[in-house]
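Spelled out, the chains give:
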Amino acid sequence: MLTATRPVQSLLLAIFVMMAGSGFLSTLIGLRLERAGSGTMVIGLVATFYFGGLVVGALRAGEIVRRVGHIRAFAAFVALLSASTLTYALLQHPILWAALRLIDGICIAGVFICLESWLNDRAEPETRGSVLAFYMVALYSGQAVGQLLLQTGKTIPAVPFELASILISLAIIPICLTRSAAPVLGEVEPLSLRRLFVASPLGVAGAGVTGLALGAFYGLAAIYARRLGLSLADTGTFMMVVILGGVALQWPLGRLSDRYDRRRVIIGCFAITLTISAALATEVRGLALLVLGFGFGGLSFALYPLCVAHANDRLLPSERVSASGQLVLLYSVGAALGPMGAATTMTLAGPGGLFLFIALCTAAMLGFGLWRLSATQPVPDAAQQDFQILPRTTPVAALLDPASSEDAQPQPQKG
């Protein structure tokens, strides 16, 4: 399995370093705004700008990559992201920070487009699943490790931003020194949303609701933890445990969905996520908080790839890449809306309002899923594709799915 990663080791290293530097910024920025006295609604709005930037970048950054090439585009996105990260240390103001988060989101989307299209080009059909698995490990482990940097600003507040900028800047070195030729970026034509919803209402609704829940979590979980009385170190630990839970449980749940009706696994995940979220809304502390956080991460992080796999079960092979691209955009739109919804609930109900909001989202999705279970028949076992872990990044990530057929691959654009 390790042999499969040799052609892309520099890319995986770049992903790990990039996420170690940028993956904890959402936590850090929320904490700094909260410490400065910003209200929950303001913190939620700043988080919304980041996810809005991801949507804009996912739609538009590919044009820059096609125009100037992967290495130049990657260098430009990383340089702008590094500069933006240092700017946080110069002046703390919610309006400025919201603008910076918008820039961050666009840059992160551009970075993912460069790296994911490069991974797709370098991965052979027989090693595509292994490459994607290592990509996910690099992405989430970098994000988890980055949470440990939250504690570095106790004496000098600017240090976490400086360290983040250093790591982000270092991520460009493996790319600039790679001997791999840069690919030509193709363009994925999105599948009609109406066609996608008709084929898989559960997959479409599940992707959007998962975006609402995880956008709310990433935007406000650190505020939830601090208002429970957790120290800065314990807040970082809580965030890291949730992310590691997401890494640990995705594959077992995916394999379970391959053996049984995938709809039942999705509905079960929403039901248990609802239960855990309701428990977290009661503001538990100590070991119970970490155990529940691990379970929340494991189940909620698995929901998006489960919904993509369910949608793909009901589509033609030639439609799967386009459908996955559309689903990740739906997830991103949901993630952009989630922080404001959760901020409103937290304003009304206190810290536990974050998970109360998530519980309400998952409860609505649970009811919808049970209705779909009774309204349609399951996909026959022979027609159900194997589960594949997928990142919730950009539409280009859909090309990494081994289930993508050759005729579904986009054609390079000329000129």
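In what follows, the structure referred to is the one given above.
Residues numbered from 1 in each chain as written. Predicted model: local features only at pLDDT ≥ 70, side-chain atom pairs only at ≥ 80, totals over all residues. Heavy atoms only, no water.

### Points about the overall build of the chain
And step 1. Helix and strand content of the chain: 15 helices and 0 strands.
And step 2. Here the contacts in the chain between residues at least 6 apart in sequence split such that 86% fall between residues at least 24 apart.
And step 3. Of the roughly 16,100 Å² of accessible surface on the chain, 65% is carried by carbon and sulfur atoms. (Helix = DSSP H or I, 4+ residues; strand = E, 2+ residues; numbered from the N terminus. Contact = heavy atoms within 4.5 Å. Areas by Shrake-Rupley, 256 points an atom, 1.4 Å probe, with all protein chains shown as cover.)

### What to know about the side chain of Arg-262
And step 1. Relative to the assigned elements, Arg-262 resides in helix α12 (residues 262-281).
And step 2. For Arg-262, a relative accessible area of 1% corresponds to the buried category.
And step 3. A polar atom in the side chain of Arg-262 sits 2.8 Å from the side chain of Ser-257.
And step 4. A distance of 2.9 Å separates a polar atom in the side chain of Arg-262 from a polar atom in the side chain of Asp-313. (Buried < 20%, exposed > 50% of the residue type's maximum accessible area, 1.4 Å probe, protein only. Polar contact = N/O pair within 3.5 Å; in protein donor to acceptor, adjacent residues only side chain to side chain.)

### Looking at a nonpolar patch on the surface
And step 1. A grouping of Ile-166, Leu-170, Ile-173 and Leu-177 is seen on the molecular surface, where their side chains present a nonpolar patch of about 390 Å² in accessible area.
And step 2. Mapped onto the elements, Ile-166 comes out in helix α7 (residues 159-170).
And step 3. Among the residues examined, Ile-166 registers a relative accessible area of 47% and is labelled partly exposed. (Patch = residues over 30% accessible without salt bridge, like charges linked within 9 Å, V, L, I, M, F, W, Y side chains within 5 Å. Salt bridge = Lys/Arg side-chain N within 4 Å of Asp/Glu carboxyl O.)

### Remarks on helix α1 (residues 9-22)
And step 1. In a regular helix each residue adds 1.5 Å, so 14 residues correspond to 20 Å; α1 covers 20 Å between its end C-alpha atoms and thus fits that length.
And step 2. Within α1, 10 of the 14 residues are buried, which leaves it mostly tucked inside the rest of the structure.
And step 3. Those residues of α1 that fall on the buried side of the exposure criterion are Leu-11, Leu-12, Ala-14, Ile-15, Val-17, Met-18, Met-19, Ala-20, Gly-21 and Ser-22. (Expected span 1.5 Å × (residues − 1).)

### Focus on the packing of helix α10 (residues 201-227) against α12
And step 1. Where α10 meets α12, the axes come as close as 13 Å, and the angle between the chain directions of the two elements is 25°. Relative to α12, the element α10 lies roughly parallel. Between α10 and α12 lies a crossing whose hand is left-handed. Across from Leu-202, Gly-206, Val-209, Thr-210 and Tyr-224 in α10, the residues of α12 making contact are Arg-263, Ile-266, Phe-270 and Leu-280.
And step 2. Among the residues making up the contact of α10 with α12, the classes are represented as 6 nonpolar, 2 polar and 1 charged. (Axes fitted to C-alpha atoms, helices over the stretch in contact; angles between N-to-C directions. Parallel < 35°, antiparallel > 145°, perpendicular 65-115°, else oblique. Left-handed = near helix turned anticlockwise from the far one by under 90°. Nonpolar A, V, L, I, M, F, W, Y, C, P; charged D, E, K, R; others polar.)

### Overview of the nonpolar core
Where a protein is soluble and globular, its nonpolar side chains tend to be buried together.
And step 1. Of all hydrophobic cores here, the largest spans 118 residues; its most connected members are Ile-15, Phe-217, Tyr-224, Phe-238, Phe-296, Leu-354 and Phe-355.
And step 2. A per-element tally of this core places α10 first, with 15 residues.
And step 3. If we ignore the near neighbours within four places in the chain, the residues touching Ile-15 are Leu-115, Leu-119, Tyr-135, Ala-138 and Leu-139. (Core = buried A, V, L, I, M, F, W, Y, C linked by side-chain atoms within 4.5 Å.)

### Observations concerning the packing of aromatic side chains
By convention here, two paired aromatic rings are described through the distance between centres and the angle between planes.
And step 1. Inspection of every chain in the model, using the stated rule, returns 15 aromatic pairs.
And step 2. Between Tyr-88 and Trp-97, the ring centres sit 5.2 Å apart and the planes meet at 85°, which makes this aromatic pair edge-to-face. An identical accessibility class is assigned to Tyr-88 and Trp-97; each is buried.
And step 3. For the pair Phe-217 and Tyr-218, a centre-to-centre distance of 5.7 Å together with 70° between the ring planes defines the contact as edge-to-face.
And step 4. What makes Phe-217 buried here is its relative accessible area of 0%.
And step 5. A connected cluster of aromatic rings, assembled from ring pairs, spans Tyr-140, Phe-217, Tyr-218, Tyr-224, Phe-238, Phe-296, Phe-301 and Phe-355.
And step 6. Over the ring of Trp-251 we find Arg-255, and its NZ or CZ is 4.4 Å from the ring centre.
And step 7. Directly above the ring of Trp-371 sits Arg-372, whose terminal nitrogen or CZ lies 4.9 Å from the centroid. (Phe/Tyr/Trp six-rings, centres within 6.5 Å; stacked < 30°, edge-to-face > 60°. Lys NZ or Arg CZ within 6 Å of the ring centre and 35° of its normal.)

### Thoughts on the environment of Gly-215
And step 1. For Gly-215, the location among the structural elements is in helix α10.
And step 2. Between the C-alpha atom of Gly-215 and that of Leu-337, which follows or precedes it by 122 residues, the distance is 7.4 Å.
And step 3. Look past the residues within four positions of Gly-215 in its chain and what remains in contact with it is Phe-51, Ala-335 and Pro-339.

Everything listed is a geometric property; what it means functionally is a separate question.
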